[in-house]
Amino acid sequence: MGAQTENSELIKRTFGKYLAMSILITLSATLGMMIDNVIAGNLLGSGAVAAIGMSLSVFMLFSGCAGILETGAVALCARALGNRDADRVNVLFSVSLAAALAVGAALSAGGVAGADALATMLGAASGELHADTAAYLSGICSGAFAIVLLQLLMGFTRLDSAPQLGIVAIVGMSVCDVIFNLVAVCVLDLGLRGMGLATALAYCVAVGICCTHFFSKGNTLHLVNPVPHVGQLAGVLKTGLPDSLTRATVMVRTFTFNWLLLTVASAGAVAALSMLSSVNSFASSVTIGVGQTATLLCGIFFGEEDRGALKATLRTGMRMGLVLSCALCAVVFAFAPQVVGLFGLEGDAEAFGVVAVRAFILCVPIDLINQLFVNYYQGTGNVRAASAIAVGQSGLFAVLFALGTVWFWGATAVWTSFLVGEAVTLALQLVVASVLWKRGAAKEVAAAASEAATDACERAGLLDKMMYLPETFQQDWRAWRAFSCEPDIASVAACSQQVAAWCEAQGIDGRRSYLVPLAVEEMAANAVEHGFAKTKHPAIDVKLILKRDGTLVLRMRDNGAAFNPMDLDLSAADPCSAVGIRMLRQGVREVEYQNTVGLNNVVVTLPAASQ
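Residues numbered from 1 in each chain as written. Predicted model: local features only at pLDDT ≥ 70, side-chain atom pairs only at ≥ 80, totals over all residues. Heavy atoms only, no water.

Student: How do you make sense of the environment of Leu92 when you look at a structure like this?
Tutor: Here Leu92 is to be found in helix 4 (residues 86-113). As a C-alpha pair, Leu92 and Pro226 span 134 residues in sequence and 8.6 Å in three-dimensional space. For Leu92, the contacting residues outside a window of four places in its chain are Leu76, Cys77, Phe156, Gln232 and Val236. (Helix = DSSP H or I, 4+ residues; strand = E, 2+ residues; numbered from the N terminus. Contact = heavy atoms within 4.5 Å.)

Student: Sorry if this is basic, but what is going on with the packing of aromatic side chains here?
Tutor: What describes a pair of aromatic rings is the distance from one ring centre to the other and the angle between the planes of the rings. Under the counting rule described, the total for this entry stands at 12 aromatic pairs. Relative to Phe473, the ring of Phe302 lies with its centre 5.4 Å away and its plane at 20 degrees, an arrangement referred to as stacked. Taken as a pair, Phe302 in helix 12 (residues 267-303) and Phe473 in the loop between helix 20 (462-465) and strand 1 (477-485) lie far apart in primary sequence, 171 residues in all. Within the aromatic cluster, the residues linked to one another by ring pairs are Phe373, Tyr376, Tyr377 and Tyr468. (Phe/Tyr/Trp six-rings, centres within 6.5 Å; stacked < 30°, edge-to-face > 60°.)

Student: Before we go on, may I ask you to explain the nonpolar core in this structure?
Tutor: If you look at soluble globular proteins, the nonpolar side chains tend to sit buried side by side. Counting residues in each nonpolar core, the largest one holds 150 residues, and the members touching the most others are Phe373 and Trp415. The dominant element in this core, judged by the number of residues it contributes, is helix 12, at 18 residues. In this structure, Trp415 is in contact with Leu261, Ala269, Ala272, Leu273, Leu276, Phe352, Val355, Ala356, Ala359 and Phe360, ignoring residues within four places of it in sequence. In terms of nonpolar packing, the next biggest core, distinct from the first, is built from 29 residues, Cys495, Cys503, Ile540 and Leu544 among them. (Core = buried A, V, L, I, M, F, W, Y, C linked by side-chain atoms within 4.5 Å. Buried < 20%, exposed > 50% of the residue type's maximum accessible area, 1.4 Å probe, protein only.)

Student: Would you mind going over the environment of Ala608 with me for this structure?
Tutor: By the element assignment, Ala608 lies in the segment after strand 5 (599-606). A relative accessible area of 12% means that Ala608 is categorised as buried. Among residues more than four places away in sequence, those in contact with Ala608 are Arg512, Asp549, Gly550 and Thr551.

Student: How should I be thinking about helix 13 (residues 307-334) in this particular structure?
Tutor: Owing to its 3.6 residues per turn, the α-helix brings residues three or four apart onto one side. In a regular helix each residue adds 1.5 Å, so 28 residues correspond to 40 Å; helix 13 covers 40 Å between its end C-alpha atoms and thus fits that length. Two or three places before Gly308, at the start of helix 13, stands the capping residue Asp306, its side-chain oxygen 3.4 Å from that residue's backbone nitrogen. (Expected span 1.5 Å × (residues − 1). Polar contact = N/O pair within 3.5 Å; in protein donor to acceptor, adjacent residues only side chain to side chain.)

Below you can see the structure in the form of structure tokens.
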């Protein structure tokens, strides 16, 4: 039987390290429009904000195309890394990049040429609103290719242990966007068309910054000819489908809400909805950022078939995400008038805006939970569950609620619908998970016909019920144990002794019982002595897996400097030193190393003596 608790310290630290970068990557998808809303509201008035709001559906189409490619490719690459398949990672990288270039170019060309028709299609049928919407669309659509590329490239730099480059790209884009917008409006007097062009150019700058990684020494991603592997694109699109459905549902929701507000309220309410979309984008950067971090780590752990690490990742994401989202909820609710003031809204637009922000922000903690599970299911290949949640939380239930209540509740029904939609989606998740678990548990108990199976099913918590792992998951694991090792020699020695005791308890043969603890001690000591000089919170995790055929797997992770212990130069060393590593090199055929998401990963497979 396995360990009762999973070592999760390194997971927590890695999750926290990548969370800020993931939030910024998510924010990049709509940051340009947020900046445009603020500048337009203060320099051009509420009418300009309304025009940008009418364009939001098209902008969401661009980020949706980026999202389906980025989420799908990163999730599949993470699983490939968990399976230690570097060739597949390069194929997925090349295919998704080629697809992003093709789709982005088509969106740019079509958007610029059809800006006027798009404005009409989006509901800005005539007058000044139509002219302003068409002008903005003609500018922003020219940068569609850069918007699509940026999100994909930032996802890959994060995957390739260079998440800090995302911060540089976002800062560079933001500064350029503000400067370019001010020049376009205040100096060149280009109005909304100029603002769209300025934002498009700022995204191009960010793409250029991200591209620098792929020419650096630290890059491990390499382009291959995508043509022979074009079939891999189907898997990327399928895995990224929930993100695409989210964007599509948001587009429908935005279009419906614009129409409802124009019908029952005024253009001021539409301007407030445009402002709320920017607030939503900022808040969602936290919830989606938590989810994207979970996708990355869960994809890797799913590839490794590590249930305990998956559960620890979900717990970590839930705790960190709820702290951030609840804090954001409290601050924005308290300072709603000041938030609305940033966008320069006046009159009824300002009044609608304050109510809208306060009603909407209450749904953010619930959105965090829903989004975490969407991304978890994507990382673990459960596209059906992810898609169902994505459609529900992003607009289905909100639109149904608004359509049913707006005629007697007015604009307030629209603002309240966000909270209702998220709450209904979460409630349905819990009901479905409990029902499906009860059915599956009954089958398991009947098949096992043992008290152990009954006890295991009864001890399962709500999180276990919602994980939906395949029946074959860890099926060939007979026993396993996770250990945590503090970054000091005394802890290393203690960890080695624990490993030896576990091996003895499992009846593992003398050779492996001697070799594995010795290798753990030497590799961990090497990390302590040489790998943690620049690591703020060093940690080492050790996991032992005994399979049913007698194979013993040792997996070690640390967050020190990238280094493969199997590359250690022993030619000039004392022959009596590093005995464990020497024996591994001589007596073990399968020792694999990779550096993923900033972690050193060493996997050693030792077959049973008879194998």
